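Breakdown of the fold
Spelled out from the first residue to the last, the chains are:
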Amino acid sequence: MEVEDVGDAVLTELYYRSLFQEVKEDEFGNALTFKMHDLVHDLARSVMEAKHGGTESNRTMMLGVPYDQLTVAFPIIRMRGTDQFSSFLSKCGSLRALIIRSTWWGEMFTELPHAISKLKHLRHVNLSGSDIVELPNSICDLWNLQILNLNDCDKLRSLPKGMRFLRNLRHLCLQGCWNLTHMPSGIGKLTCLRMLSMVVLSGKNSFQLSEMRDLNMLRGILIIRHLERIETKKDAKEACLIKKQSLRKLHLCWDSERTVQRYNDEEVLEALKPCPNLQFLHIEGFNSSSFPSWMSTVTKVAVDGSAAEYIVGARESTAADARSPSLKQLELMNMPNLKGMLGREVQGTTSTPRAFSQLQSLSCFNCPTLTLPLPRMPSLKELYVENCPNMAWASISNLTSLNSLKIKNIEGLSCLPKEMLQNLSLLESLQIRHVRDLRALPRSLASLTALKELIIWGCPMLKSLPEEVKRFPTLQVLDLRDFPNLTSLPNWFGDHLTSLQHLTLHKCPKLETLPSSIQMMTTFQSLTIGACDLLEPRCEEGGEEWHKIKHIHKLSKEINIFMY
């Protein structure tokens, strides 16, 4: 069993025994942070102080930890200047872990002294979030070093040339080091590596993707930047990503401002096929017409800044038929050339493309040329469309399993097709935000008999609550914001919305009264009113509307700006 797996097992056991609490996990169930009970912290502190009272015996040192953070790493030392730091390190020959934190009230940590090389027993160095620009080559003398955490060192430009000598290194953490321009060759010799969170491709005398060939025990996340610098498909295939069975997240990045005018993106991406266990794939800057068929075997895929015209073309569609698709969540962002999910040659087929047969969530952001109809996706539960003005809205009616629909920031859309909502009998949440030219909602709105949440924000051309809303017997949440022309709510409000629990009214300056039937609504739990100048004073205790709402459990007149 790997030492990382042993650590996970210990953490789980301590959590089950309540020594650790409030464990926060990422989307794949990996523990990120946890808290310890105050009594457990005090006990750990007393044990540490008794066992490691002197400087020489200290095994862990944390520098500059914020005053309100509980920790069992002792001692916590605050110091200024490299000379003072170097002097102190010379007295800590037995140090096993060095964790440096810059405080918001002090100067940022920018330089690691050469004296670090004397700490031969160091296993863990954490400089994350510091302003360090480069590491001294003397850090490569720490043969026992297992963890080097440089996450979020956004000013770091390079790594020491002697990195290949850190033969016991297991974790090289580089997430957020966006100014790292190149990496030294020889990292492929660090065969103990279990975490290599980012690699940067550059010239022939620097790190090459082929060095990853034997690093098959890598786990967690891997970010590969500057893929446009790969010359051939063969070079990409030498990374052997398919053999890295423990990778869970993979980010593949092409630079949008290419210094090399080479466009072999499609064959490079095809060669970077990952293992079937991969759960999240992020593709950025990809410049080709469509994507390889293996993409549908990843659980979650996000594509950003791609020049692709289609997600699945004819060749990919045929290849995907022979595979077992696992794609459940797809995000498409900032794709100026995207025309449709399927290429024109496979449009109009009555069968569901296998690539999308398991898809449950689809998000489209800033895809201005997305015009082709959406294909049938029988498993799709969530659809989010933002800033896609030419969307084929009528094709949404084919998504009969849809549970949630969110439409946001659509310019020039004055009306939605009447048939758009007619087959969405399972829809429970409908959100329409900032569609400023929208004048009416479609008649098919009445077919949403399972709707529980209706949110309409920033549609100033709508003058009233649609009559079809009265046919929502299961509606629990109604949120109306930025309705400058709304003068009243309909009289049937309380008679038909018998399940309503939460009502929000914000920026409705002409709204003066509430319907009398609202006082008969026994399910009401909360009413929030904000920026409704005429209505708010009338809803004060003793005001003209008070008798209608005094039975409501929670009344509020404040709405946080960030919610809007």
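About the thresholds
Residues numbered from 1 in each chain as written. Predicted model: local features only at pLDDT ≥ 70, side-chain atom pairs only at ≥ 80, totals over all residues. Heavy atoms only, no water. Helix = DSSP H or I, 4+ residues; strand = E, 2+ residues; numbered from the N terminus. Buried < 20%, exposed > 50% of the residue type's maximum accessible area, 1.4 Å probe, protein only. Areas by Shrake-Rupley, 256 points an atom, 1.4 Å probe, with all protein chains shown as cover. Contact = heavy atoms within 4.5 Å. Salt bridge = Lys/Arg side-chain N within 4 Å of Asp/Glu carboxyl O. Pairing = 2+ DSSP bridges. Phe/Tyr/Trp six-rings, centres within 6.5 Å; stacked < 30°, edge-to-face > 60°. Lys NZ or Arg CZ within 6 Å of the ring centre and 35° of its normal. Core = buried A, V, L, I, M, F, W, Y, C linked by side-chain atoms within 4.5 Å. Expected span 1.5 Å × (residues − 1). Patch = residues over 30% accessible without salt bridge, like charges linked within 9 Å, V, L, I, M, F, W, Y side chains within 5 Å. pLDDT = per-residue confidence, 0-100. Polar contact = N/O pair within 3.5 Å; in protein donor to acceptor, adjacent residues only side chain to side chain.

1. A few points about the overall build of the protein
- Looking only at helices and strands, the protein has nine helices and 26 strands in total.
- In the protein, which comprises 564 residues, the proportion classed as buried is 49%.
- Only carbon and sulfur atoms are counted for the fraction: they give 48% of the accessible area of the protein, which is about 26,600 Å².

2. Quick word on the environment of P325
- With respect to the helices and strands, P325 occurs in the loop between α6 (314–320) and β16 (329–333).
- Excluding residues that lie within four positions of it along the chain, P325 makes contacts with S296, R354, A355, S357 and Q358.

3. Let's talk about the pattern of salt bridges
- Following the criterion strictly, the structure yields 17 salt bridges and no others.
- Linking E22 and K35 is a salt bridge whose minimum nitrogen-to-oxygen distance equals 3.4 Å. Here the residue E22 occupies a position in strand β1 (residues 20–25), and K35 occupies one in strand β2 (residues 31–36), the gap between them amounting to 13 residues.
- Judged by its relative accessible area of 52%, E22 is exposed.
- Accessibility expressed as a relative area gives 48% for K35, which makes it partly exposed.

4. Observations regarding the pairing of strand β20 (residues 404–408)
- Taking burial as the measure, the five residues of β20 include four buried ones, the bulk of the element.
- Two strands pair when backbone bridges link them, and strand β19 (residues 382–386) and β20 are joined in this way by five bridges, in the parallel orientation. By the bridge assignment, E382 is partnered in β20 with S404.

5. Comments concerning the side chain of H282
- As for its placement among the helices and strands, H282 is situated in strand β13 (residues 280–284).
- Non-local contacts of H282, meaning those with residues more than four positions away in its chain, are made with L250, H251, L252, A302, D304 and M333.

6. Notes on the packing of aromatic side chains
- Throughout the structure, instances matching the rule amount to four aromatic pairs.
- Residues Y15 and Y16 carry aromatic rings whose centres are separated by 6.0 Å and whose planes lie at 45 degrees to one another, so their mutual orientation is tilted.
- Ring centres 4.9 Å apart and planes at 80 degrees place the aromatic pair F365 and Y384 in the edge-to-face group. Of this pair, F365 sits in strand β18 (residues 361–365) while Y384 sits in strand β19, and the two are 19 residues apart along the sequence.
- Given the relative accessible area of 16%, Y384 is considered buried.
- An aromatic cluster is built from W254, F286 and F291, whose rings are joined through pairwise contacts.
- Positioned above the aromatic ring of Y384, the side-chain terminus of K406 is 4.6 Å from the ring centre.

7. Examining the nonpolar core
- Ranked by size, the top nonpolar core spans 153 residues in total, and within it L332, F356 and L362 carry the most contacts.
- Apart from residues lying up to four places away in sequence, F356 is in contact with I311, V312, L327, L330, M341, L342, P375 and M377.
- Counting five residues, the second largest nonpolar core, distinct from the first, contains A302, M333, F365 and Y384.

8. Details of the pairing of β16
- Across the five residues that make up β16, a large majority, four, are buried.
- Alignment of strand β14 (residues 300–304) against β16, held across five bridges, turns out to be parallel. Its bridge partner lying in β16, K300 is registered against Q329.
- Across five bridges, β16 lies against β18 in parallel orientation. Opposite E331, over in β18, you have S363 as the bridge partner.

9. Focus: helix α1 (residues 3–16)
- In a regular helix each residue adds 1.5 Å, so 14 residues correspond to 20 Å; α1 covers 20 Å between its end C-alpha atoms and thus fits that length.
- The first or second residue beyond α1 is S18, which carries a positive phi of 70 degrees.

10. Looking at a nonpolar patch on the surface
- A grouping of M1, V6 and V10 is seen on the molecular surface, where their side chains present a nonpolar patch of about 320 Å² in accessible area.
- Its location among the elements puts M1 in the segment before α1.

11. Comments concerning the confidence of the model for the protein
- For the protein, mean pLDDT is 87; residues scoring 70 or higher make up 87% of the total.
- Residue range residues 54–59 is modelled with pLDDT below 50. Its contacts to residues more than four positions away, or to other chains, number 17 contacts.

12. Considering the side chain of S517
- You can see S517 is positioned in the loop between β24 (502–506) and β25 (526–530).
- For S517, a relative accessible area of 9% translates into the label buried.
- Within the local environment of S517, its side chain forms a polar contact with the backbone nitrogen of G494, the two atoms lying 2.9 Å apart.
- Other than its neighbours up to four places away in sequence, S517 contacts N491, W492, F493, G494 and D495.

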